[in-house]
Amino acid sequence: MPEHDVLVIGAGLAGQRAALAAAERGVSVGIISKVHPIRSHSNAAQGGINAALAVDDTWESHAFDTVKGSDYLGDQDAIEVMCREAPDELLHLEHIGVTFHRNEKGELGTRAFGGASKARTYYVADITGQAIMHTLYEQLMKYADQIDRYEEWFTTDLAIDDEGHCVGAITRNILDGSTELFRAKSVILASGGNGQIWHPTTNALICTGDGIAMAYRAGATLMDMEMIQYHPTTLAGKGFLITEGARGEGAHLLNAKGERFMETYAPNKMELASRDVVSRAEQTEINEGRGFPDGTVALDITVVPRKRIQEALREIVLVGRDFAGVDITREPIHIKPGNHYTMGGVKTDVWGRTNVPGLYAAGEVACVSVHGGNRLGANSLLDTLIFGRRSGEDGADHAKGRGQGSVPRSALADAEAAVEEIIGRAHDGGRRVSEIKAELGATMDGKVAVFRDEEGIQSALDAVRRLKEEAAGAAIDDRGSVFNQDVLGAIELQNMLEQAEAVCMAALERKESRGAQYRTDYPERNDEEWLKHIDVSRNGGEPEISYSPVTITDWQPEERTY
Amino acid sequence: MASYTLKVRRYQPEAEEDGRRGAYWETFDVELDPTLSVLDGLLQARDGSDGTLSVRCSCRAAICGSCGMKINGQSTLACKTRIGEAAAEAARISGADASGPLISPPAEKELADGDGAPGPGTESAGNEPIVIEPMGNQPVIKDLVTDMESTHWKKFRRVTPWLLPSGPPPEREHIVPPESMVDVTQSVACIQCGACVSACLSMEADPEFIGPAALAKAYRFVGDPRDGQTTERLYDLANDPHGIYDCTHCFACVDVCPKGVAPMNQIMRLRRLAGHDHDIHDVNNGRNHELGFVKIIERKGTLDESLLLQESYAPGVKGKLLPRAASIKGLLQSIPTAIRGIRTGKMRSLPKLIPGVHPKLPGDAQDHVKAIYDRAEESRIQLNLYVIGEGGEEDQAAEAVEPESVSEEPSAT
Amino acid sequence: MKLAYWPGCVSRGFTTELHGSMALTAEALGIELVTLDRANCCGAGVIAEHNQELADTLNARTFALAQQTGLSMMNICSTCQGAQSECQERLDADAAYRAHINESLSGEGLEYRKDADGFTNKNFLWLLVEDYGLDELAGKVKRPLSGLRVGPFYGCYVLRPKTRLGYDEHPDRDLYLERVIEVLGGEIVDYDGARRCCGFPVITMNRETSLRQTGTHVGDALDAGADCLVTPCPLCHLNLDMQQPEAAKVVGRDLGLAVLHLPQLVGLALGFEPGQLGMPKHIASTVAVEDRIAALA
C-alpha cells in the first residue's frame, strides 16, 4: 500500500507544480497520472501566460482585465492573488529553464492577447504549455528522490474516512490491471477539464473530467459548471485549436463577404475582445448567413509578416498544413467557435482547499473562481501554476504533523468490484460506449454551447439522464488485465455523464446571460438576481443546486464593452 | 468517405486462443474521409468493433506524442498521418516489395497470420492495406502499446535533463541573445513521441545507444546559455561509448520526426561543440577522426583513407611516437582488412597504403582549397535553418506580395 | 548526354574499380563525362560536423566548378549526394550567406549561382532513371542478368531526409534500385537491409555498432537468397565488402556475399566482363556472380 504525505492526482501543469511545491517543503510526494505526464493536455496551451511583469504594467490592471473578462463572476480576492503572484511565478519558470521569447535586448518579450489592456502574454513560440510542462517534468526528474511518479495509473475514486476526510485514492495500474489504495495526508486533484463531454472539442481524449466527477461523488461542491468556454478559432469538424496568439499577432476575422465583422461587435478591441464576445460574434455571422457554406468564418493570418509567423506561430502552420490542408501563411483558414475550457469545477478557496477536508483541487479541475463567466486567454496556464503551487504548499503544511488516516477496509474491495462489474457485463445488444459518448457530445454541442435556451438545455438534461442509465449497463470487449483501455473508457463515460448533468442543471438555473452563458430567452445580464455562483453538490446521490456569493473587492460591476 | 483496410500487427499478452498467442496480423475495414487520420481509422475499428485493440492516444493533434507507431514501415504519429495518403503510400510501395513496408522490422518474418487475416503479399487488389505496427526498438506491451520506459525514458534521465545554472538566479530574468532561445526551442519542440527512437538504425545495432531523442534533449541544455555545466555535459556525452559518437549519421530520426526537431542535427552540433569548441579528446576517437579528416582535405583536397585511419587512431607525430593503448588496438584491428586489400589488388599499388603518397589536386587548386580553409576557419558562420526559417529567401520574396483576399470557395477544413 | 562528373574521393582511393567501371559504363551508355578534377572532397558530413561554413564553401566550390562547364553534375556516391545536398540547401536558403560564401570563391574566379539554368546534382542512380530513362537503358542491355538475384542497398544519403533530397518532386527515389535491377533483367531480392545503414560512419568510433550493422544486412540478404548486393555508395561498399570478414566475426556467422557498385551491375548487363569491371578487386568473393554471368553467355 503506497503511502505519501501528499498525493497529487493528475500530472499536467497544476499537478506537477503542486508536487514540486510540496517537495520543496520537505514532504514525501506521490504523483499519479492516467497518461505519462508528458502526454497531459497542458501541452496544448499554445499562446502564452499572462503576467504584469513589465515595468509599465501593474497587477491591478491585469486583475481588472480578468474581472471584466469574467463578466464580474470571478471572485476578486482570488483574482488579486493570481495577478499579484504572476510575475514571480513567471520569473521562477524562466529561472528553471523555460525558453521564453526574448526581445532584442535579450529580455523577456510579450505578445498581445484577447481582453487584455496591455501586451502581457509571455510565450515560447506557440508551444508555451508544452515548453513549461516539459520544464516542470525536468524538475520532477531533479526531485526524483522525493517525488514518486506513478505514470499510467488510473484513479477511480477518492478514499474518504468515516469523518468525511479525504485520506487517499484508489488507483488502477493500467499496465497490469492491479488496484492499489494510496494513502495520503493531503490529496490534490489536478486532473484537468472535461471537454470530451462535447464533440467536437479542442480537448484531448483524456479530458474527461475524472477528478471533477470523483470529487463530486466524494461530497465536494462544484461551482460555475454552466460556464463553458467556446474558443473563437477552432477547425471545423475536428475541433483543433488555432491559438489566440494568431489574433494577438494581428490576424483578422473575416466573414464570407470578406468583411472584418468584429467592427460591429467590438469596435475598440476588434479581434482581441474577450473570447465569449468573439465566439458569439462569429456564431451570429454564421447563423445569419454571412459565414461559409461549411458553417465557418475565416481567420486571415496572411496579414501577419511571414517571418513573424515562422518565429511565433510555427505550430499552427503545422496544424493548418497537417489537419486542414491549408498553408496559413498564404490563405485564410476556416474556423468556428468550438468547445475549449470549463471555467467551473471543484469549488476551492485561494489555497486550493475544497469543502472536503484533506482534499485540494488546482487547475482546470478546480473553480477558485478566477475565470468566472469567461476566462481570458493566457490566464489558464497562470491559474494552473499559481494555484497548483499554493495547493502544494498548503497540502504539505496540512500533511505535516498528521498521521495517515484510516481507510474503511471495504473501500478497495468495493472499487475493484465496480471495475470487475463493468468488465463482466454481457453483450445484450445494447449500444457501445462509443455510441453513447457520441450522442452525449453531439447533444451538448447542440444544446449547451454558444447560444442556449430553456427548451434546449432541458432536452439535453433529459438526454443525459437517459444516457446515464444506458451507460450503466453498456458492455465492453476487453476482458483482460493488461492495458485494458476499454474498461477505462466505460468509467470515463460514467464520469462525463455525471458532470454533464451538473452542467445542464446549472445552465438551466442561471436565467440570465453572462460570460459564456448566453441565454437567448434571457439575453441580458441581471446583476440584481444573478451576480452569484451556482453550486451543485450531491447529498446522498441526487444533485442539488445552491448559491454562493461573488467576492467583490475593488471593482463594481459595470457594463462590459470591448 | 472511402473504404480502407488497416492491417494491424497485434499482440494480446493474455490471449488464450491459438493464433492469438504471440504476434499476429489482423485486418480491419474502416470507412472515413481521406483527410482524416490513420488514428481516426484505428479508433473507428476500436470503438466500432474491437475494444481490445490497444493504442495510446490523446490529443489527436500531434502535440501529446502518444500515438507513435509504424505506418507502412515509417515511424510516425498516427494522428498526423492522413489515411488517404497512407493508403496511397501503401499502394506505391507494394509494387516494389511484396511484404509492404520499405523498412520492415526484423521480427516480421516470424509472425503468424491470424484467423482470416491475409498475410503479407496476399491482400486484395485495389485496396492495398495500410500496414500498421508498433514502434521499433521497443518491447511491445500490447498491440500498438510499447514500453518506452526501458528504451527511452531511462536514457532521457541519463542526460541529466534539467537546467544546471551557473549561479544563483538573477533578480529578474536571465538576459540572453534572442536567437539562442529560438535555437534551443527546436529541441524543446520535441514531444517525446519516440518515433525517432523507433526508427534509429544505430539503436538497432546497439540497444544501449543513448539515442536521438535523449541526445536532442541533451543539446537543449548544452545550447542554453543559462546552463553552467556545458563542458561537463559534453565531456560525458563524448566519452560514453553509447553517446554522441555512436550515431551512424543515417538521418532516420530527421526523416521521421513529426515536429522538425532534427535530432541528428543536434547530435552533430554536440559533436561540433565537444570537438572543436571544447577540444575534448574522447576515448571513442571522435575528435581525432574529425580532426584527421579535416586536416587531410586541407592538405590534399580529397580524402586519403590510409592517412585517415592513422590520424583517427594515432593523430600527429606525438600520436605515432607515443600511441595510447586504444590507438594501438584500433590500428591493429584495421590491419587484417588492409592485408586482404593487398591480396585482392584493391590496394594493389603499395603507395595506397603509405600515408602521404595520395595525390594533391592539380595546379593551384589546392591553394584555393587552403584559402577557403583560412577564411572559413576564421569566420565559422553557422546558418541555422530553424532560426531563419526554411526556404527563408522565398519568404522574403513573398513579403512583398499583397496577401490574397478571402476566396469564395471554402478551404478544405 | 553530357555531364560534369564528380567521382568523389573513394572511387579514386580504396574503390578504384568503381571509377573504372563507371568510365566503361558511361561510354557504353553514350554518356559523356567531364571530370571535375579540380574539385574537392564533399566532407562526408564530417567537415560540416567540424565547421559548417567550411563544408558549405568547399561544396559551393565544387558546384561552381560544375556550373562553369555549363553542365549539370553527376556523382557516384550516395554520401557525396547527401553531404552536397545538405550544403546546397543552406546555400540556397539565404542570399546574404550565399554572397559571403561566394566571396571565398572569388579568388579562383568562381561563383555558385542558385537555380542556375536548371543546374542539378544527381547521383548516377537518379540520373539513370530520371534523365537517361529506363527505356533507353533497357535498349542498351546486351546480356539480361536472368537469374541473378540482387539485393538493393541504397545508402542512407540518397534516402533521407526526404525533404532535402527532392522526394517531393521525385517520390519514388527510394524504389529506383529495384527498377534498375528489373530493367537489367535481374531478380530483386527482398530483404530487411535495403534501406538501412551500413554502419560505415562509425567504423573508427564504434567498430562493434558499425560491423554489427553490416554483418546483419549481409546476413539477411544471404538468408533471402541473394547472389549479390548492389549499391550506389562506395562508402557502403567499404563496410559491406571490405569489412565483411570482420563483420562476420561480430555477428558470429559465415558471410561471403559479393557487393557490386551500381556501374558494375549495369556494366555486366551491357556485356562487360567481371574482370573488366574490376570485380576481382573486391574482398568478398564475386565468384558466384561471375559463375552466373558465365552461365548466361
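This report concerns the structure included in the present document. (Residues numbered from 1 in each chain as written. Chains lettered and ligands numbered in written order. Predicted model: local features only at pLDDT ≥ 70, side-chain atom pairs only at ≥ 80, totals over all residues. Heavy atoms only, no water.)

## Regarding the overall build of chain B
Okay, step 1: Of regular secondary structure, chain B possesses 17 helices and eight strands.
Okay, step 2: In chain B, buried positions account for 59% of the 413 residues.
Okay, step 3: In chain B, the share of contacts with a sequence separation of at least 24, taken over all contacts with a separation of at least 6, comes to 68%.
Okay, step 4: Accessible surface, chain B as shown: approximately 16000 Å² in total, 55% of it carbon and sulfur. (Helix = DSSP H or I, 4+ residues; strand = E, 2+ residues; numbered from the N terminus. Buried < 20%, exposed > 50% of the residue type's maximum accessible area, 1.4 Å probe, protein only. Contact = heavy atoms within 4.5 Å. Areas by Shrake-Rupley, 256 points an atom, 1.4 Å probe, with all protein chains shown as cover.)

## Here's the deal with the interface of chain B and chain C
Okay, step 1: Contacts between the two partners involve 79 residues from chain B and, on the opposite side, 84 residues from chain C.
Okay, step 2: Taking both partners together, chain B and chain C bury about 7300 Å²; carbon and sulfur atoms supply 56% of that area.
Okay, step 3: Of the charged contacts, one joins Glu246(C) and Arg340(B) as a salt bridge, the two residues approaching to 2.9 Å between their closest N and O atoms.
Okay, step 4: Of all the elements, helix α15 (residues 365-379) of chain B adds the most residues to the side of chain B that touches chain C, at nine residues. (Buried area = accessible area lost by both parts, 1.4 Å probe. Salt bridge = Lys/Arg side-chain N within 4 Å of Asp/Glu carboxyl O.)

## Describing the pattern of salt bridges
All names here are of chain A.
Okay, step 1: In total, this model carries 105 salt bridges over all chains according to the counting rule given.
Okay, step 2: Residue Glu249 pairs with Arg308 through a salt bridge whose shortest N-O separation is 2.8 Å. Highlighted residues: Glu249 in the loop between α6 (245-248) and β12 (252-254) and Arg308 in helix α9 (residues 306-312), separated in sequence by 59 residues.

## Concerning a nonpolar patch on the surface
Residues and elements named next belong to chain B.
Okay, step 1: A surface patch of nonpolar side chains, amounting to about 340 Å² of accessible area, comprises Ile328, Leu332, Ile335 and Ile339.
Okay, step 2: Here Ile339 shows up in helix α14 (residues 325-344).
Okay, step 3: By relative accessible area, which is 41% here, Ile339 ends up partly exposed. (Patch = residues over 30% accessible without salt bridge, like charges linked within 9 Å, V, L, I, M, F, W, Y side chains within 5 Å.)

## Quick notes on the sheet that holds strand β10 (residues 222-223) of chain A
Residue and element names in this part refer to chain A.
Okay, step 1: Spatially, five strands are ordered β17-β15-β10-β18-β19 in an open sheet, and the strand pairing comes out mixed. What marks the edges here is a single partner per strand, and that holds for β17 (366-367) and β19 (542-549).
Okay, step 2: Sheet analysis places strand β15 (residues 345-347) next to β17, joined by two bridges and oriented parallel. Bridge pairing links Val346 to Ala366 in β17.
Okay, step 3: Docked against the sheet, helix α15 (residues 485-509) engages β10, β18 (532-539) and β19, running at close to 50° with respect to β19. (Pairing = 2+ DSSP bridges. Axes fitted to C-alpha atoms, helices over the stretch in contact; angles between N-to-C directions.)

## Overview of the pairing of strand β8 (residues 258-261) of chain C
Residue and element names in this part refer to chain C.
Okay, step 1: Neither face of β8 is left uncovered, since the one carrying Ala258 and Leu260 and the one carrying Val259 and His261 both have all their residues buried.
Okay, step 2: Sheet topology places strand β7 (residues 228-231) next to β8; four bridges connect them, and they run parallel. Bridging across to β8, Leu229 finds its partner in Val259.

## Some points on the environment of Thr81(B)
Residues and elements named next belong to chain B.
Okay, step 1: Among the structural elements, Thr81 can be located in the loop between β4 (74-77) and α2 (83-94).
Okay, step 2: Sequence-wise, Thr81 and Ala371 are 290 residues apart; in three dimensions their C-alpha atoms are separated by 48 Å.
Okay, step 3: Residues in contact with Thr81, not counting those within four places in the same chain, are Leu36, Ser37, Val38, Ile71, Thr76 and Ala86.
Okay, step 4: Here the side chain of Thr81 touches Thr76 through a polar contact of 3.5 Å, side chain to side chain. (Polar contact = N/O pair within 3.5 Å; in protein donor to acceptor, adjacent residues only side chain to side chain.)

## Notes on the interface of chain A and chain B
Okay, step 1: Contacts between chain A and chain B engage 80 residues on the former and 83 residues on the latter.
Okay, step 2: Of the roughly 6600 Å² buried between chain A and chain B on both sides combined, carbon and sulfur atoms contribute 52%.
Okay, step 3: The three residues of chain A that bury the most area against chain B are Arg39(A), His95(A) and Glu138(A), which together make up 11% of that side's buried surface.
Okay, step 4: Seen at the junction of chain A and chain B, the total is eight salt bridges.
Okay, step 5: Viewed at the interface, chain B and chain A are joined by 45 residue pairs in polar contact (both at pLDDT 80 or more).
Okay, step 6: The greatest single-element share of the side of chain A that touches chain B, amounting to eight residues, is contributed by helix α4 (residues 128-142) of chain A.
Okay, step 7: Residues of the side of chain A that touches chain B, tallied by class, amount to 32 nonpolar, 24 polar and 24 charged. (Nonpolar A, V, L, I, M, F, W, Y, C, P; charged D, E, K, R; others polar.)

## Overview of helix α3 (residues 52-68) of chain C
One full turn of an α-helix is made of 3.6 residues, so residues set three or four places apart face in the same direction.
Residues and elements named next belong to chain C.
Okay, step 1: In this model α3 runs 24 Å from its N-terminal to its C-terminal C-alpha over 17 residues, within 8% of the 24 Å that 1.5 Å per residue would give.
Okay, step 2: Along α3, 16 of the 17 residues are buried, which leaves the element largely enclosed by surrounding structure.
Okay, step 3: One side-chain oxygen at the N-terminal end of α3 lies 3.0 Å from the backbone nitrogen of Glu53; it belongs to Asn51.
Okay, step 4: Just downstream of α3, Gly70 is the residue with a positive phi angle, here 75°. (Expected span 1.5 Å × (residues − 1).)

## A few points about the nonpolar core
Okay, step 1: With 112 residues, the main nonpolar core has Ile242(A) and Ile301(A) as its most contacted residues.
Okay, step 2: Tallying contributions element by element places helix α7 (residues 212-222) of chain B first for this core, with six residues.
Okay, step 3: Leaving out residues up to four positions away in the same chain, Ile301(A) has contacts with Ile242(A), Ala246(A), Ala251(A), Ile309(A), Leu313(A), Ile316(A) and Ile328(A).
Okay, step 4: Counting 74 residues, the second-largest nonpolar core is a separate cluster that includes Phe14(C), Ile47(C), Leu65(C) and Cys80(C). (Core = buried A, V, L, I, M, F, W, Y, C linked by side-chain atoms within 4.5 Å.)

## Overview of unusual backbone geometry
Okay, step 1: Cis geometry is adopted by the peptide bond preceding Pro200(A), which originates at His199(A) and carries an omega value of 0°.
Okay, step 2: Tracing the backbone through its elements, the reader meets Pro200(A) in the loop between β9 (179-189) and α5 (210-217).
Okay, step 3: Geometrically, the link from Arg160(C) to Pro161(C) is a cis peptide bond, its omega value of -10° lying close to zero.
Okay, step 4: Unlike most non-glycine residues, Phe483(A) shows phi in positive territory, near 45°.
Okay, step 5: Within the secondary structure layout, Phe483(A) lies in the loop between α14 (454-471) and α15.

## Focus on the arrangement of the chains
Okay, step 1: The chain pair with the greatest number of contacts, out of two pairs of chains in contact, is formed by chains B and C.
Okay, step 2: Nowhere do chain A and chain C come into contact; their C-alpha atoms are at least 13 Å apart.

## What about the packing of aromatic side chains?
All names here are of chain A.
Okay, step 1: Under the defined criterion, the tally for this structure stands at 13 aromatic pairs over all chains.
Okay, step 2: Ring plane angle 85° and centroid distance 6.3 Å describe the contact between Phe261 and Tyr265, whose orientation is recorded as edge-to-face.
Okay, step 3: What makes Tyr265 partly exposed here is its relative accessible area of 28%.
Okay, step 4: Where Trp530 meets Tyr547, the ring centres are 6.0 Å apart and the plane angle is 70°; that geometry is what we call edge-to-face. With Trp530 in helix α16 (residues 527-530) and Tyr547 in strand β19, this pair connects stretches of sequence that are 17 residues apart. (Phe/Tyr/Trp six-rings, centres within 6.5 Å; stacked < 30°, edge-to-face > 60°.)

## Re the sheet that holds strand β4 (residues 121-123) of chain C
Residue and element names in this part refer to chain C.
Okay, step 1: Taking strand neighbours across the sheet as the criterion, the four strands line up as β2-β1-β3-β4 in an open arrangement whose pairing is parallel. Each having just a single partner strand, β2 (32-35) and β4 make up the two edges of the open sheet. Strand-to-strand, the axes of this sheet are offset by a mean angle of 40°, without reference to chain direction.
Okay, step 2: Here strand β1 (residues 2-6) runs beside β2; their pairing, made up of four bridges, is parallel. Looking across to β2, one finds that Lys2 is bridged to Glu32.

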